[in-house]
Amino acid sequence: MRVFNDLNALPPFRNTVVTIGSFDGVHTGHRRILDKVRTLARACGGESVVITFDPHPRTVLQPNDQSFKLLSSTSEKITLIESCGIDNIVVVPFSLEFAGQEARRYVEDFLIARFHPRYIVIGYDHRFGANREGNIAFLKQYETDEGFEVVEIPAQEVDEIAVSSSKIRRALDASDVALANRLLGYPFFFSGKVVSGKKIGRSLGFPTANIQIADPYKLVLPNGIYAARTLIGQQNAMLYIGNRPTIEGDTARQSIELHIIGFQGDLYDHDLAVEVIDFIRPDKKLGDLQALQQQIEADKKEILQRLTGDGGRETGDGRREQDFSTEQPEKPADDASRLPSTVSRLPSTVAVVILNYNTRRHLEQYLPSVLANSPGARIVVADNGSPDDSVSFLQQHYPQVQVLDLQQNFGFAEGYNQALKQIQADIYVILNSDVEVTPGWIEPVLAAMQADPTIAIAQPKILAWQEKTRFEYAGAAGGWIDALGYPFCRGRIFHHREADTGQYDQPQECFWAAGAAFFIRAELYHCFGGFDGDYFAHNEEIDLCWRLKRAGYSVWCIPQSVVYHLGGGTLEYESPRKVFLNFRNSLYSLLKNKPFRKLLWLIPARLLLDGLAGARFAAKGQFRAIGAIILAHVSFYRNFSLTVRKRKANAELIDRYKFRPSRRQGIYPGSIIIAHYFRRIREFSKLPLK
């Protein structure tokens, strides 16, 4: 998103969809408007523009009103609007002079001359110009001559937004943090600089960061103790707001202090953002420092109980292992009444990461669609030591793309591990270099992940680039596995690919998502160890999805997002190398994730069935593939002990981050081999799934 603070430095906008407002808090009501703006921009091929003001108009027009407080500072508001997928935000320096211009000048010299709108989205009661003379009727007079359309936000919707804003402020003023967070759609947060304090907390065993909020109009919560988290790093924290009556009496200035549980380090002069989860108790004066220390210990226990829901089990770095939902408390536990530790409730920053090896031709063909259709996302190409001129090509023709030169070929799995260590984002989108994306491909997946924080991984609907009405082999409409660990897809069983007639256009929880277009929460990627680099390529996404499913997270296909995949860009689907990797890595995944008691019969069964697959290759004259299957089994047994060690390490990670029982959705209870080859089932919809 582009941010403009100087009206004299605006670019030559054309075909814009514009909305105007203060958008304080960017709460759930505001987001309905921003969704409408973004949808209109996508439909007309234009760009979305949010016009807002700094300082807030009320502070200029009513400077003596000390009761007014902001839910979000300007910088916080920009962050929130950016996360909604808006292309541009223009922060107008608000002044009495700006407020006093005639309505005609405001429309002609400001809105039309500077933004050339296709649509203007505003509320029914929107007023502008000197003495508030301008309104929707005034603005509509310009529609025909200037070629734009005014989209009116209905009275009911505007009133709901106004009520939400006032309800949020009232809730926060009453310390009803849970209600405020539900109305906001994310935890209330604030940010400020860490300044030096009196270090009394350190002497009590609870060192605190003293936070100074720069914006005098930013709402500060009532005095008390709160359960909180750091916004970056998502670490559990104890928040104190008060005047320290036990230490300094009742005359001290109000202070804001944060104890980050398990944190050691120096935060002085750093900016710190804190999200507030729940109110614990009011501030109170205690008898002495010993009583204060005991009370803080009790507060810590209560805060961890609120944050983790398990009596305070915490990891060494203060991260919580479980959490509760402040957004949708009415949901039952199985639907995430307690959220995983690494899931942020704030809207997400997105990095689209493309791993490239010697495929400049794919970058030339497909990268333009990614750049054109991924507004607000950071685009990164990680080069796996390509011998061609991919890096220089990107630097010359696409300077807006970040290039990571990995210097050597790590393979697909480890290449992404190496690249993602260097990329900061909330959501990673792992995208093959031979994928063409469509307008609006990111938004539906992000919306689903934000609506359900238990979704760890998701994919779009993947169609074939060369046959756009048919599902593509790698992922189709969501990956499944059978009881024996053989993968297939909704829309693709073995090599039979269905035509896409909309039969799988409902979002569905699946078992695995395709690595060709793979959305994953960044913190979960790192917490669970990323891809297994020893896979090199193929099945690494299934293995990672399996780990997360075992920890209680879900994997989904969101078909409202559509991409087209060429496929076979590096290896043909039945090349001996690909056959070797698929068969070997599938066995690795079984050993790492299946219970030992099942492996006692499952591995011999796979040996038999893989032999039958070899016979099928023989019947087709593909004798090199038979050798690849044999080598896959030899490699599997040779690395058996190493894989068992990985199994143990994975189990420890899963135990550490598990927040609900394993998810089994996406597992076909029978054998897909029998269903397809013996019962002649060629379409996913005809499988007996129950």
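Since we're looking at a predicted model, the values are computed, not measured.

A. Molecular detail of the overall build of the protein. Across its full length, the protein holds 23 helices and 26 strands. Whereas a compact globule of 690 residues would reach a radius of gyration of roughly 26 Å, the protein reaches 28 Å, a difference of no more than 12%. Each principal axis of the C-alpha distribution contributes one length, and for the protein these read about 85 × 75 × 50 Å. Nonlocal contacts in the protein, meaning residues at least 24 apart in sequence, comprise 75% of its contacts between residues at least 6 apart. When the accessible surface of the protein is split by element, carbon and sulfur atoms take 51% of a total near 28,800 Å². Put simply, the protein has 81 plus and 78 minus side-chain charges, and the middle of one group is 7 Å from the middle of the other.

B. View of the packing of aromatic side chains. Per the stated rule, a full pass over the model turns up 37 aromatic pairs. With centroids separated by 5.5 Å and ring planes inclined at 85°, the aromatic side chains of F98 and F110 adopt a geometry described as edge-to-face. Of this pair, F98 sits in helix α4 (residues 96–99) while F110 sits in helix α5 (residues 103–115), and the two are twelve residues apart along the sequence. According to the relative accessible area criterion, F98 is buried, its value standing at 14%. Of the residues examined, F110 reaches a relative accessible area of 4% and is grouped as buried. One aromatic cluster is present, built from ring pairs that chain together F4, F13, F53, F94, F98, Y106, F110, F115, F128, F138 and Y142. Across from the ring centre of Y473, 4.0 Å away, lies the NZ or CZ of R492, which sits over that ring. The residue whose ring lies beneath R606 is Y486, and the NZ or CZ to ring-centre distance is 4.0 Å.

C. Seen up close, the sheet that holds strand β6 (residues 149–153). Taken in spatial order, the six strands make up an open sheet running β1-β4-β3-β2-β5-β6, and their pairing is parallel. A single partner strand is all that each edge strand has here, and the edge strands are β1 (2–4) and β6. Neighbour-to-neighbour, the strand axes of the sheet open up by a mean angle of 20°, direction not taken into account. Bridge count for strand β5 (residues 117–123) against β6 is five bridges, and the pairing is parallel. The partner of V121 across the bridge, within β6, is V151.

D. Examining the pattern of salt bridges more closely. Going through the model one piece at a time under the given rule, you end up with 31 salt bridges. Where R470 meets E467, a salt bridge forms, and the shortest distance between an N and an O atom there is 3.2 Å. The partly exposed category is assigned to E467, whose relative accessible area is 35%. Across the pair K549 and E509 runs a salt bridge, and its minimum N-O distance is 3.2 Å. Of the two residues, K549 is situated in helix α18 (residues 540–550) and E509 in strand β23 (residues 508–510); the sequence distance between them amounts to 40 residues. Grouping residues by exposure puts K549 and E509 together as buried. Each of D532, D534, D543, R547, K592 and K646 takes part in a single network of salt bridges with overlapping partners.

E. Layout of helix α15 (residues 411–420). Across the ten residues of α15, eight count as buried, placing the element largely inside the fold. Among all positions of α15, only G411, F412, A413, G415, Y416, N417, A419 and L420 are buried. Elements in contact with the buried residues of α15: β13 (350–356), β14 (378–383), β15 (402–405), β16 (427–431), α17 (522–527) and α18.

F. Local environment of the side chain of S72. Following the sequence through the fold, S72 ends up in the loop between α2 (57–61) and α3 (74–83). Given the relative accessible area of 4%, S72 is considered buried. A polar atom in the side chain of S72 sits 2.9 Å from the backbone nitrogen of G25. Not counting residues within four places of it along the chain, the set of residues in contact with S72 comprises F23, D24, G25, K77 and K218.

G. Structural detail: the sheet that holds strand β7 (residues 189–195). Reading around the circumference, β7-β8-β11-β10-β9-β12 is the order of the six strands in this closed barrel, with antiparallel pairing throughout. Within the sheet, the average angular offset between the axes of one strand and its neighbour, ignoring direction, is 45°. Pairing of strand β10 (residues 236–242) with strand β11 (residues 255–260), which is carried by six bridges, proceeds in the antiparallel orientation. Opposite M238, over in β11, you have H259 as the bridge partner. Contacting β9 (224–230) and β12 (271–281), helix α9 (residues 177–184) crosses the sheet at an angle of about 125° to β12.

H. The arrangement of the state of the cysteines in detail. With the rule as written, the count across this model stands at zero disulfides. Of all cysteine sulfurs in the structure, the one in C510 sits closest to C489, which takes part in no disulfide; the separation is 8.8 Å. Accessibility expressed as a relative area gives 0% for C489, which makes it buried. The closest cysteine sulfur to the non-disulfide-bonded C527 is located on C545, 16 Å from its own sulfur. Judged by its relative accessible area of 14%, C527 falls in the buried class.

Rules behind the numbers
Residues numbered from 1 in each chain as written. Predicted model: local features only at pLDDT ≥ 70, side-chain atom pairs only at ≥ 80, totals over all residues. Heavy atoms only, no water. Helix = DSSP H or I, 4+ residues; strand = E, 2+ residues; numbered from the N terminus. Rg over C-alpha atoms; globule rule 2.2 N^0.38 Å. Contact = heavy atoms within 4.5 Å. Areas by Shrake-Rupley, 256 points an atom, 1.4 Å probe, with all protein chains shown as cover. Lys, Arg positive; Asp, Glu negative; His and termini not counted. Charge placed at Lys NZ, Arg CZ, Asp CG, Glu CD. Phe/Tyr/Trp six-rings, centres within 6.5 Å; stacked < 30°, edge-to-face > 60°. Buried < 20%, exposed > 50% of the residue type's maximum accessible area, 1.4 Å probe, protein only. Lys NZ or Arg CZ within 6 Å of the ring centre and 35° of its normal. Pairing = 2+ DSSP bridges. Axes fitted to C-alpha atoms, helices over the stretch in contact; angles between N-to-C directions. Salt bridge = Lys/Arg side-chain N within 4 Å of Asp/Glu carboxyl O. Polar contact = N/O pair within 3.5 Å; in protein donor to acceptor, adjacent residues only side chain to side chain. Disulfide = S-S within 2.5 Å.

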